[in-house]
Amino acid sequence: MVMKLNTARRHVREGTKNIVRNSWMTVASVGAVTTTLVLVGIFLTLMLNLNQLAQNIEDEVQMNVYIELTATQEEMDELEENISQVPNVTSVEFSSKEEELDKLVEDMGEELALFEQNNPLNDVFIVKAEEANQYKNILGQVTEMDAVDGVNYSQNTVERLLDFNRYARYIGIAFIGALLLTAIFLISNTIRMTIVARSEEISIMKLVGAKNSFIRWPFFVEGMLMGVLGSIIPITLVLAGYYYLYENVNDQISIPFVDLLPFNPFAWQISLLLLGIGVFIGIWGSVMSVRKFLKV
Amino acid sequence: MIEMKKVFKLYSNGVTALNGVDASISQGDFVYVVGPSGAGKTSFIKMMYREELPSKGQVYINGVELSSLKHKEIPFLRRDVGVIFQDFKLLPRKTVYENVAFALEVIEENPRKIRRRVMDVLDKVGIKHKARFIPAQLSGGEQQRVSIARAIINNPKLVIADEPTGNLDPDTSWEIMKIFDEINSSGTTVIMATHSKDIVNQMKKRVIAMENGQIVRDEQRGEYGYEA
């Protein structure tokens, strides 16, 4: 059933009036939303960037398969073939011992160039997997193959990173959940206090035959408006703060793997999300608090 | 129009308010409900607009058994019943006009119709000239007129009043009673709980007397029967 336009207008008017009429309650509820959203905003920004950081590191992870010094060309071709057959392997790339030495020289310094006369390194297959947690399994299979001298990847680092990222995510989600619940509780409590004053009005509405939905709508509007009001400051903070951070961290300090998500669209997405969360907890808190008064 | 069959009401605090009430009230009746305080008059009345449900027994309004009514259907029952209280229950921040229009707004009546109907009904109860006042600026009698206007604006078939003259002086009470009489003469059932001996004795209507949650007397053209 479609609501009549006049009725919809009335609900918006009533909801707005209530916000103004109970101004200090509004301030309290909006304050609760604001505080929550600021914290949620900071957490989300941190979490998503952490995620991105982990992703960057994961992309950098590779596995070196050292080829026996005595291996023939056929053995090497066969090995390459075998490795690329292993599930989850996305690429196998040959790197000769000369190339390996060049990389080392680049990383460690010119002194190592001495070894160019008598290169002690192995030829290497550089193996990449879809995801970092698959290397362990691949390692097991590749080690068994012929013509393999040894295999390594930054096992500890990868595993610790994955663990850290996982725990950080769980803790972040739990924390955000707790924050949201607290905010809903605070809002529904503040609104409940204003409702005690309005319970008379509600009981008269019921007496003259108002449907529960009719009584609920203005509260819905009120909660929504409080959510919108409550998200203004957090959104401003996130936009300004992230802009500052992005400009400074990314351009001036260069930390390996740290590559903040670009301001556009990331900051806007977070802002939209905060607005959505604000509206949701506003409505939820508000509608929860009328429920008790609607029971017949 | 109203049938009660062996209605009991036991409140959770242990008070038995109704103790096996049988009653039958026809469309167009004017009924006084009398009896000492705590006799169950208010509980009896509350059964009729489903403010309370019986602990045992049935209440029928126009053939519909009220405890079988779904929550969603209750508002529609209430639209056919006008209720008036001793303390008026007007919204203090709204004007007389708004208080009465409210009853139409909540049932989503067309706004163009609201204005005409509100002014009509305010005229009927003699308070049209104070439409822009708020309740606190009115006397008790005037406030009761407003609450009557609100109760009858939907043309209910049944008007229920719980001691409507309890807070009013005798002269004002008579003016209010005249309004109830007019409402009744247009075919609306009126049920009124009252402690006013003079009103009951002079109006000569049906009287239901209650004591200890039971109907002890039910007479057409009855008397108050208690010393006031």
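Computed from a predicted structure; not experimentally measured.

### Remarks on the overall build of chain A
Step number 1: A tally of helices and strands in chain A yields eight helices and four strands.
Step number 2: Seen in sequence order, chain A has helices and strands lined up from the N terminus as α-α-β-α-β-α-β-α-β-α-α-α.
Step number 3: Its C-alpha radius of gyration of 30 Å places chain A more than 25% over the 19 Å reference for a compact globule of 296 residues.
Step number 4: Each principal axis of the C-alpha distribution contributes one length, and for chain A these read about 95 × 40 × 30 Å.
Step number 5: Each of the 296 residues in chain A was classed as buried or not, and the buried ones make up 44%.
Step number 6: For chain A, the computed accessible surface area is about 16700 Å², with 60% contributed by carbon and sulfur atoms.
Step number 7: Where the 21 positive side-chain charges of chain A centre and where its 35 negative ones centre are 39 Å apart.

### Details of the interface of chain A and chain B
Step number 1: Taken residue by residue, the interface counts 18 residues in chain A and 24 residues in chain B.
Step number 2: Carbon and sulfur atoms supply 60% of the area that chain A and chain B bury against each other, a total of about 2000 Å² over both sides.
Step number 3: There are two salt bridges connecting chain A and chain B.
Step number 4: Where Lys94(B) meets Glu14(A), a salt bridge forms, and the shortest distance between an N and an O atom there is 3.9 Å.
Step number 5: Listed by contribution, the elements that provide at least two residues to the side of chain A that touches chain B are helix H1 (5-21) and helix H6 (155-207) of chain A.
Step number 6: No other element matches H6(A), which puts six residues into the side of chain A that touches chain B.
Step number 7: Counted by class, the side of chain A that touches chain B contains seven nonpolar, three polar and eight charged residues.

### Structural notes on a positive patch on the surface
Step number 1: A surface patch of positive charge is lined by Lys4(A), Arg112(B), Lys113(B) and Arg116(B).
Step number 2: Within the fold, Lys4(A) resides in the segment before H1.

### Section: the sheet that holds strand E4 (residues 148-152) of chain A
Residues and elements named next belong to chain A.
Step number 1: Taking strand neighbours across the sheet as the criterion, the four strands line up as E2-E3-E1-E4 in an open arrangement whose pairing is antiparallel. Because the sheet does not close on itself, it has two edges, and the strands there are strand E2 (89-95) and E4. The mean angle between the axes of side-by-side strands here comes to 20°, regardless of whether they run parallel or antiparallel.
Step number 2: Along the sheet face, helix H3 (residues 73-85) touches strand E1 (63-67), E2, strand E3 (124-129) and E4 and points at about 160° away from the line of E2.
Step number 3: Along the sheet, helix H5 (residues 135-143) makes contact with E1, E2, E3 and E4, crossing E4 at roughly 170°.

### Describing the packing of helix H2 (residues 23-60) of chain A against helix H8 (residues 263-294) of chain A
Residues and elements named next belong to chain A.
Step number 1: Relative orientation of the contacting elements H2 and H8 amounts to 140°, with a least axis distance of 10 Å. Crossing of H2 over H8 shows right-handed handedness. The segment H2 lies against H8, with Val33, Leu37, Val40, Gly41, Leu44, Thr45, Leu48 and Asn49 engaging Phe266, Ile270, Leu273, Leu274, Ile277, Gly278 and Ile281.

### What about the UniProt feature "transmembrane region" (unreviewed entry) in chain A?
Residue and element names in this part refer to chain A.
Step number 1: When the UniProt feature table is mapped onto this chain, "transmembrane region" (unreviewed entry) is found at residues 23-48, 167-188, 219-246 and 266-287.
Step number 2: Along residues 167-188 the backbone is 100% helical and 0% strand, and the end-to-end C-alpha distance reaches 31 Å.
Step number 3: As a span, residues 266-287 carries 100% helix and 0% strand, and end to end its C-alpha atoms are 31 Å apart.

### Things to note about helix H6 (residues 170-185) of chain B
Residue and element names in this part refer to chain B.
Step number 1: Taking 1.5 Å of rise per residue, the 16 residues of H6 would be expected to cover 22 Å, and the 22 Å separating its terminal C-alpha atoms lies within 8% of that figure.
Step number 2: For H6, the full list of buried residues reads Thr172, Ser173, Ile176, Met177, Ile179, Phe180, Ile183 and Asn184. Along the long axis of H6, the arc covered by the buried residues comes to 155°, so they all point the same way. Relative to its buried face, H6 has exposed residues pointing more than 90 degrees away, namely Asp171, Lys178 and Ser185.
Step number 3: In the core, the buried residues of H6 are packed alongside strand E3 (30-34), strand E6 (81-85), helix H5 (140-152), strand E7 (158-162), strand E8 (189-193) and helix H7 (197-203).

Rules used in this analysis
Residues numbered from 1 in each chain as written. Chains lettered and ligands numbered in written order. Predicted model: local features only at pLDDT ≥ 70, side-chain atom pairs only at ≥ 80, totals over all residues. Heavy atoms only, no water. Helix = DSSP H or I, 4+ residues; strand = E, 2+ residues; numbered from the N terminus. Rg over C-alpha atoms; globule rule 2.2 N^0.38 Å. Buried < 20%, exposed > 50% of the residue type's maximum accessible area, 1.4 Å probe, protein only. Areas by Shrake-Rupley, 256 points an atom, 1.4 Å probe, with all protein chains shown as cover. Lys, Arg positive; Asp, Glu negative; His and termini not counted. Charge placed at Lys NZ, Arg CZ, Asp CG, Glu CD. Contact = heavy atoms within 4.5 Å. Buried area = accessible area lost by both parts, 1.4 Å probe. Salt bridge = Lys/Arg side-chain N within 4 Å of Asp/Glu carboxyl O. Nonpolar A, V, L, I, M, F, W, Y, C, P; charged D, E, K, R; others polar. Patch = residues over 30% accessible without salt bridge, like charges linked within 9 Å, V, L, I, M, F, W, Y side chains within 5 Å. Pairing = 2+ DSSP bridges. Axes fitted to C-alpha atoms, helices over the stretch in contact; angles between N-to-C directions. Left-handed = near helix turned anticlockwise from the far one by under 90°. UniProt positions renumbered as here; feature names shortened; annotations may be inferred. Expected span 1.5 Å × (residues − 1). Arc of directions from axis to C-beta.

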